Amino acid sequence: MNYHILKKDELDGFIKKLAGKMKVCAPVAKGHNNFAFEEVTSAGGIALSYIPTILPPKKYFMPPREKLLDFDISEGKPKDTASLEAGETAIFGVHTCDLAGIQCLNMVFSERPRDYNYLLRKEKVFIIGLECGGYCDEHASCALVGNHYPNGGYDLFFTDLGDRFIIHVNTQKGEELVESFCLAKAASADMIALDKVREGKKAVFKNEIGVEPGKLPEIFAKGMEKKVWHDIGERCVSCGNCTNVCPTCYCFDMADTINLDMKTGFRTRTWDSCQFETFAAVAGGENFREERAHRQRHRLYRKFKYPLDKFYRAFCTGCGRCTRACMAKINLKDTLKALAAESK
Ligand code: SF4
Ligand code: SF4
């Protein structure tokens, strides 16, 4: 195990030094109780205590809209040139739920056919996690899915020990950075303090919905026809907020834009949402999920059932963003509790 120490009053120097090497993004306050990952050049504006940002850090791996290629069909065989805009970026202060979200996307985009835009961008991102000592707010359900403790997915991971941070070094890139910054090695007293923080969290983080997580796959396996989907379907307005803010939603739409010369153009991809009525519409006028109840059901099956079957892990990170962003006040924890109650 490789742990180092950074005194709190040295954080500003750390961020400034890091910003001298690459672009640094961190959570900053945006109005009342809202936060966003944005570029910083010092520690001054960084929110060390924050509820999950409006958009998760997936925006650095898969931007809401990106150009994939330029094309030219002016001569015989069409020509295309791949396009990728990605610079070295450090994301500082990523909570354990969002680290889990990045791990989920890594699995999806590493599958064949591989998504090279995602994977090449990922290579340029340096991730610095930050441990939560308590719940962000009442909407989080990270303990339900085991994301309240760090489970990898970062280069460095910071835990607050009062007057200092203890830093877990998890990758070669992380090792090189702490060495170049000459950070002191952690002493045994620091390791004891870290154990104490982790132990203290056991009393704070509890199963938020009172349903054994191991039972969720079975509850979902039998849950297709439950009334709860119709109840939330009646309230949902299909705005797509819940999927846009979700750290593990990755569906996108593609569009070609043709220039006025009618010969050249470019292809873009844009985040899409399974909550939009047109999402599952196909040729011939059929729509596989015309009803909002079915679209809501699909959204949660894509978190608690299908990825478990395929990747052996839930794709809900417990961040609570979908609940915070829902204009119809549809609450994820209430939905899970209602589904579990119906399944009894
Ligand atoms: S479903 Fe909701 S709580 Fe779960 S990861 Fe997505 S936004 Fe977060
Ligand atoms: S945010 Fe709420 S209202 Fe909007 S699509 Fe999602 S569940 Fe429906």
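Rules of the game
Residues numbered from 1 in each chain as written. Chains lettered and ligands numbered in written order. Predicted model: local features only at pLDDT ≥ 70, side-chain atom pairs only at ≥ 80, totals over all residues. Helix = DSSP H or I, 4+ residues; strand = E, 2+ residues; numbered from the N terminus. Rg over C-alpha atoms; globule rule 2.2 N^0.38 Å. Buried ≥ 20, exposed ≤ 12 C-beta atoms within 10 Å, placed from the backbone. Contact = placed C-beta atoms within 7 Å. Near = placed C-beta within 6 Å. Nonpolar A, V, L, I, M, F, W, Y, C, P; charged D, E, K, R; others polar. Pairing = 2+ DSSP bridges. Axes fitted to C-alpha atoms, helices over the stretch in contact; angles between N-to-C directions. Core = buried A, V, L, I, M, F, W, Y, C linked by C-beta atoms within 7 Å. Domains from an automatic or database assignment. Parallel < 35°, antiparallel > 145°, perpendicular 65-115°, else oblique.

Peer 1: Honestly, the overall build of the protein in this entry has me stumped. Any pointers?
Peer 2: Secondary structure summary: the protein contains 12 helices and 12 strands in total. Taking 20 Å as the expected radius of gyration for a compact globule of 344 residues, we find that the protein reaches 22 Å, a close match to that expectation. Counting every position in the protein, which comprises 344 residues, the buried fraction comes to 36%. In the protein, once contacts between residues fewer than 6 apart in sequence are set aside, the share between residues at least 24 apart is 71%.

Peer 1: For this particular structure, what's the right way to read the site of ligand 1?
Peer 2: Near ligand 1 you find 13 residues, and of these Cys 246, Cys 316, Cys 319, Arg 321 and Cys 322 are the closest. Class assignment of the residues belonging to the shell around ligand 1 gives a composition of 7 nonpolar, 4 polar and 2 charged.

Peer 1: Looking at this structure, how should I read the sheet that holds strand β10 (residues 184–185)?
Peer 2: Two modes of strand pairing occur in sheets, parallel and antiparallel, and in both the strands are linked by backbone hydrogen bonds. Strand order in the open sheet formed by 8 strands is β3-β2-β6-β7-β8-β9-β1-β10, and the pairing between neighbours is mixed. Two strands in the sheet have a free side with no partner beyond their single neighbour: β3 (35–40) and β10. Judged from the 2 bridges that link them, strand β1 (residues 3–7) and β10 form a sheet pairing that is antiparallel. Bridging from a neighbouring strand, His 4 pairs with Lys 185 of β10. Running at roughly 135° to strand β2 (residues 23–29), helix α1 (residues 11–19) makes contact with β1, β2, β3 and β6 (89–94) of the sheet. Sitting on the sheet, helix α5 (residues 188–204) touches β1, β8 (156–160) and β9 (164–169), and the angle it makes with β1 is about 90°.

Peer 1: Could you clarify how one ought to interpret the site of ligand 2 in this entry?
Peer 2: Close to ligand 2 lie 13 residues; Cys 236, Cys 239, Asn 241, Cys 242 and Cys 326 are nearest. The residue inventory of the shell around ligand 2, partitioned by class, reads 9 nonpolar, 4 polar and no charged.

Peer 1: How should the nonpolar core be read in this particular structure?
Peer 2: Soluble globular proteins tend to bury their nonpolar side chains together. Core analysis: the biggest nonpolar cluster contains 69 residues, and Val 24, Ile 91, Phe 92, Ile 128, Leu 156 and Ile 167 have the highest contact counts within it. Per-element accounting of this core gives the leading share, 6 residues, to helix α2 (residues 96–110). Here this core spans two domains, since at least three of its residues come from each of domain 1 (3–70 + 84–204) and domain 2 (213–343). Apart from the residues within four sequence positions on either side, Val 24 is in contact with Ile 15, Leu 18, Ala 19, Glu 39, Val 40, Ala 90 and Phe 92.

Peer 1: Just checking my understanding: could you explain the packing of helix α7 (residues 227–235) against helix α12 (residues 332–343) for this structure?
Peer 2: In a packed pair of helices, the relevant descriptors are the angle between the two axes and the axis-to-axis distance. Following both chains from N to C, one finds α7 and α12 inclined at 150°, their axes separated by 9 Å at the closest point. Between α7 and α12, the angle is such that the two are roughly antiparallel. The segment α7 lies against α12, with Lys 227, Val 228 and Ile 232 engaging Thr 335, Ala 338, Leu 339 and Glu 342. Across the contact of α7 with α12, the residue classes break down as 4 nonpolar, 1 polar and 2 charged.

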